[in-house]
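Remarks on the overall topology
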Amino acid sequence: MGDVPVFAVVGHPNEGKSSVVSTLTEDDRVPISVLPGETRRCITYAIEVDGETLVRFVDTPGFQMPLQTLRWMRRFNGPPNRMVEEFIRANQGDLRFSEDCELLRPLAGNAGIVYVVDCSRPLRPNDEAEMEILRLTGRPRMAVINIKTSNTSHLQEWKEAFARTFNSTLQFNAHRATFKERIALLEALQHIEQEWGAPLKRVVATLEEDWRGRLEACADAILQMLDKALTLSLSGTSRGEDPMERERKRDKLIADFQDNLARLEGGYRREIKGHFLHNLFNVDLAAETVAARDLFSEETWHVLGLTRKQLSLALATVGAAAGVAIDGATAGITFGVFTLGAGTAGAIAGWTGTRPLSRLKVDIGPFSREIGGCRIQVGPLRNPQLMFVLLDRALIYFQSVSNWAHARREGASISLHEGKVGVTSRWDRERRRLFEKYLAYVQKGYFGKANEIRPTLQQILIQVMQEELR
Ligand SMILES: Nc1nc2c(ncn2[C@@H]2O[C@H](COP(=O)(O)OP(=O)(O)OP(=O)(O)O)[C@@H](O)[C@H]2O)c(=O)[nH]1
Ligand SMILES: [Mg+2]
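The model shown is predicted, which means the values in this text are computed figures rather than measured ones.

Re the overall build of the chain
Along the chain, the regular secondary structure elements total 16 helices and 8 strands. Out of the 470 residues belonging to the chain, those deemed buried represent 54%. Excluding contacts between residues fewer than 6 apart, the proportion of contacts in the chain whose partners are at least 24 apart in sequence is 76%. Accessible surface, the chain: about 21,500 Å² in total, of which carbon and sulfur atoms supply 49%.

Written out as structure tokens, the structure reads:
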């Protein structure tokens, strides 16, 4: 336990200390607020892998009285290594110093320092005092520049000040940091104190291995979802000849089919969120499928199969509009299929609407021979393009969740601007063929053959996650 490096994340109020802790430890329970003074007590959070604590970060309150604290420290003439402890002992009864005593507490022990500053504002005397206090503690220290806005006009002045006081400086956006950027921060920390070099190197190696494991699990989750989605098929019977009744029955089946599909996607999403330790991240792309209702009838698949070229043309023209429906971004064609705007829905209704209900797979059962009746079947999804839609949606979700910093608490809506949309449409023929083959095997029940190519598909997905979705 004693070998686990500990870092106190300190700084001015409201600069993003808790946000840095939250993102670094992938812990969305860390309280974060727009109001300064949110953190009043030191709370320790850890990076853990398989139950093992690798490194700890202490979230601390912001400095309240840096000028007075510095004055006290400058007057202190005891042994320097007891200065922090003595400061706390002398001032802890004074309410004005309660935050300052609290934040310095980990530094009386063996914690290193991560000093967080939003460098979009000019350097003030308070900041100079804070930096000098940290220097006087003698603890190894790194400055983290957490720029909350796009204003970088004061950056140079801050960097010069940091160079005088800190062993290392790094830019880290607590709301945007990706896995690689978190790793870069941990790597930078290796160099501020020699004795932490080895344990922090191990932290990085363990996290990288853990990340690879997550990608593997995600690729597997995608394939499992595909297996279920591609074999999903519902059927029901409609007694009598009443076309209204048939239509109602058909509509109900279509709705149930969609619900089932949405549940599969929901399950996949919950699993992915779990792999990336997200509890708060919440986004619902499924609502966008409502407009595509008729896409799920067997008849529509049939039509789509026959007129795939027409379909791509139609979707190409409305693809952008369909994207706008989600987030004001342009969406790829494959993504568009699931986000049909009124235009596309209308176009498809145009092709299918004129087809008589008898085009549905109809079976007259023995009991209903006298009164008439039919069997209606919805699914399975035969059109490979729709498999690619499912894949795209799964990958888009993966991309958003895996890159979503835990400090980011605003309503999580997947902005299509953030990622490349519709990756599968850019895949080469060979890749797409392999997935199409898989679809065919799964649907024909050739599970042995499907399992043979499954590992290759999993590797492709991992590669896409690693290289194309970063
Ligand atoms: N846009 C943006 N906002 C940020 C970033 N980091 C922090 N914030 C916001 O700044 C505010 C303060 O963030 P906290 O992490 O609570 O700051 P703190 O330093 O812990 O604040 P106290 O505990 O009050 O001292 C919150 O509204 C955060 O969402 C960032 O990198 N980008
Ligand atoms: Mg805080």
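Let's pick the thread back up.
Some thoughts on helix H15 (residues 429-444)
The periodicity of an α-helix, 3.6 residues per turn, causes residues three or four places apart in sequence to face the same way. Relative to the 22 Å expected for 16 residues at 1.5 Å per residue, H15 spans 22 Å between its end C-alpha atoms, a close match to the ideal helical length. Taken residue by residue, H15 has Arg431, Arg432, Leu434, Phe435, Tyr438, Leu439, Tyr441 and Val442 as its buried positions. One or two residues past the end of H15 sits glycine 445, with phi positive at roughly 80 degrees.

Here we look at the layout of surface pockets
Estimates place the volume of the largest pocket at around 490 Å³. Taken together, 30 residues form the lining of the largest pocket, with Asn14, Gly16, Ser19, Ile32 and Ser33 sitting closest to its centre. No other element matches helix H1 (residues 17-25), which puts 3 residues into the lining of the largest pocket. Residues that form the lining of the largest pocket fall into these classes: 10 nonpolar, 13 polar and 7 charged. Counting contributing residues per domain, the lining of the largest pocket is built from domain 1 (6-192) and domain 2 (212-468), each supplying no fewer than three. Of the pockets and cavities examined, the second largest pocket occupies roughly 390 Å³. Around the second largest pocket, the lining comprises 21 residues; the ones closest to its centre are Thr25, Glu26, Glu48, Arg214 and Leu277.

Side note on the site of ligand 1
Around ligand 1 there are 21 residues in total, and Lys17, Ser18, Ser19, Gly37 and Thr39 lie nearest to it. Backbone polar atom of asparagine 14 to an oxygen atom of ligand 1: 3.0 Å apart, as the coordinates give it. In this structure, threonine 39 approaches ligand 1 through a side-chain N or O atom, which is 2.8 Å from an oxygen atom. Burial of ligand 1 by the surrounding chains reaches 89%, relative to a free accessible area of 650 Å².

Things to note about empty space enclosed by the protein
Scanning all chains against the criterion turns up 4 cavities of 30 Å³ or more. Lining the largest cavity are 15 residues, with Glu26, Arg182, Ser402, Trp404 and His406 positioned closest to its centre. Classifying every residue of the lining of the largest cavity by side-chain character gives 7 nonpolar, 6 polar and 2 charged. Looking at which domains feed residues into the lining of the largest cavity, each of domain 1 (6-192) and domain 2 (212-468) supplies at least three.

Comments concerning the nonpolar core
Counting residues in each nonpolar core, the largest one holds 83 residues, and the members touching the most others are Phe57, Leu189 and Phe435. Of the residues forming this core, the biggest block, 16 residues, is contributed by helix H8 (residues 194-231). Mapped onto the domain boundaries, this core takes at least three residues apiece from domain 1 (6-192) and domain 2 (212-468). Those residues in contact with phenylalanine 57 that lie beyond four places of it in its chain are Phe7, Val9, Val21, Leu24, Thr25, Ile43, Thr44, Tyr45, Ile47, Leu186 and Leu189. In terms of nonpolar packing, the next biggest core, distinct from the first, is built from 36 residues, Val10, Leu70, Phe97 and Ala129 among them.

Thoughts on the coordination of the magnesium ion (ligand 2)
Each protein donor to the magnesium ion (ligand 2) is listed here as Ser18 (OG) and Thr39 (OG1); together their distances run 2.0 Å. Of the two residues, serine 18 sits in helix H1 while threonine 39 sits in the loop between H1 and strand E2 (43-49), which places them 21 residues apart along the sequence. Threonine 39 carries the same exposure label as serine 18, and that label is buried.

Some thoughts on the confidence of the model for the chain
Looking at the chain as a whole, its pLDDT mean stands at 79, while 76% of the residues score no less than 70. The low-confidence segment residues 285-371 (pLDDT under 50) makes 152 contacts with residues lying over four places distant or belonging to another chain. Long-range and interchain partners of residues 415-420, a stretch whose pLDDT sits below 50, account for 19 contacts in this model, where long-range means more than four residues apart.

As for the pairing of strand E6 (residues 168-171)
Taking every second residue as pointing to the same face, the buried face of E6 carries Ser168 and Leu170, while none of Thr169 and Gln171 on the other face is buried. As for the winding sense of the linkage, the β-α-β connection from strand E5 (residues 141-145) through helix H6 (residues 155-165) to E6 is right-handed.

Some points on the pattern of salt bridges
Applying the stated criterion across every chain yields a total of 21 salt bridges. A salt bridge links arginine 29 to aspartate 27; the nearest nitrogen and oxygen atoms lie 2.7 Å apart. Under the relative-accessibility criterion, arginine 29 is labelled exposed at 63%. Measuring nitrogen to oxygen at the nearest pair gives 3.3 Å for the salt bridge that ties arginine 82 to glutamate 85. For arginine 82, a relative accessible area of 34% puts it in the partly exposed group. Look at the salt bridges and you will find they share partners, linking Glu26, Arg182, Asp210 and Arg214 into a network.

Here is what the cut-offs are and how they apply
- All residue numbers refer to positions counted from 1 along the written sequence of the respective chain.
- Think of it this way: whatever chain is written first is A, whatever ligand is written first is 1, and the rest follow in order.
- For a predicted model such as this one, the threshold for reporting local features is a pLDDT of at least 70, and the threshold for listing and counting side-chain atom pairs is 80 or more; totals across whole chains, interfaces and linings nevertheless cover every residue.
- Computation of side-chain values: all heavy atoms of the structure, hydrogens and water removed.
- In this description a helix means any DSSP run of H or I spanning at least four residues, a strand means any run of E spanning at least two, and both kinds are numbered starting from the N terminus.
- Three exposure classes are used, based on accessible area relative to the maximum for each residue type with a 1.4 Å probe and protein chains only: buried under 20%, partly exposed in between, and exposed over 50%.
- Working rule for contacts: check all heavy atoms of both residues, and any pair within 4.5 Å makes them a contact.
- Accessible areas in this description were obtained via Shrake-Rupley with a 1.4 Å probe; residue shielding takes into account the shown protein chains only.
- Given a helix with a known number of residues, its expected span is that number minus one, times 1.5 Å.
- Whether a set of points on the 1 Å grid over the protein atoms alone is a cavity depends on a 1.4 Å probe fitting there but being unable to get out, while an open set qualifies as a pocket with protein on both sides within 12 Å along at least five of seven lines; lining residues are those with an atom within 4 Å of a point.
- Grid points are joined across faces, edges and corners, and a volume is the space filled by probe spheres set on the points.
- Nonpolar residues are Ala, Val, Leu, Ile, Met, Phe, Trp, Tyr, Cys and Pro. Charged residues are Asp, Glu, Lys and Arg, and all others, Gly as well, are polar.
- Domain limits in this description derive from either an automatic procedure or a database domain assignment.
- Nearness here has a simple test: a residue counts as near a molecule or strand if at least one of its heavy atoms is within 4 Å of that partner.
- The term polar contact refers here to a pair of N or O atoms within 3.5 Å; inside protein, the definition further demands a hydrogen-donor-capable atom paired with an acceptor-capable atom, and it admits residues adjacent in sequence only when both atoms are side-chain atoms.
- In this text, buried Ala, Val, Leu, Ile, Met, Phe, Trp, Tyr and Cys residues form a nonpolar core when linked through side-chain atoms within 4.5 Å.
- Each metal site lists N, O and S donors within 2.8 Å (3.2 Å for Na, K and Ca). With water left out of the atoms, a site can look as if it is missing ligands.
- Known as pLDDT, the predictor's confidence for each residue is given on a scale from 0 to 100.
- By definition, the crossover connecting two strands over a helix is right-handed if that path, from the first strand to the second, turns clockwise as seen with the strands pointing away from the viewer.
- Salt bridges are defined as contacts in which a side-chain nitrogen from Lys or Arg sits within 4 Å of a carboxyl oxygen from Asp or Glu.

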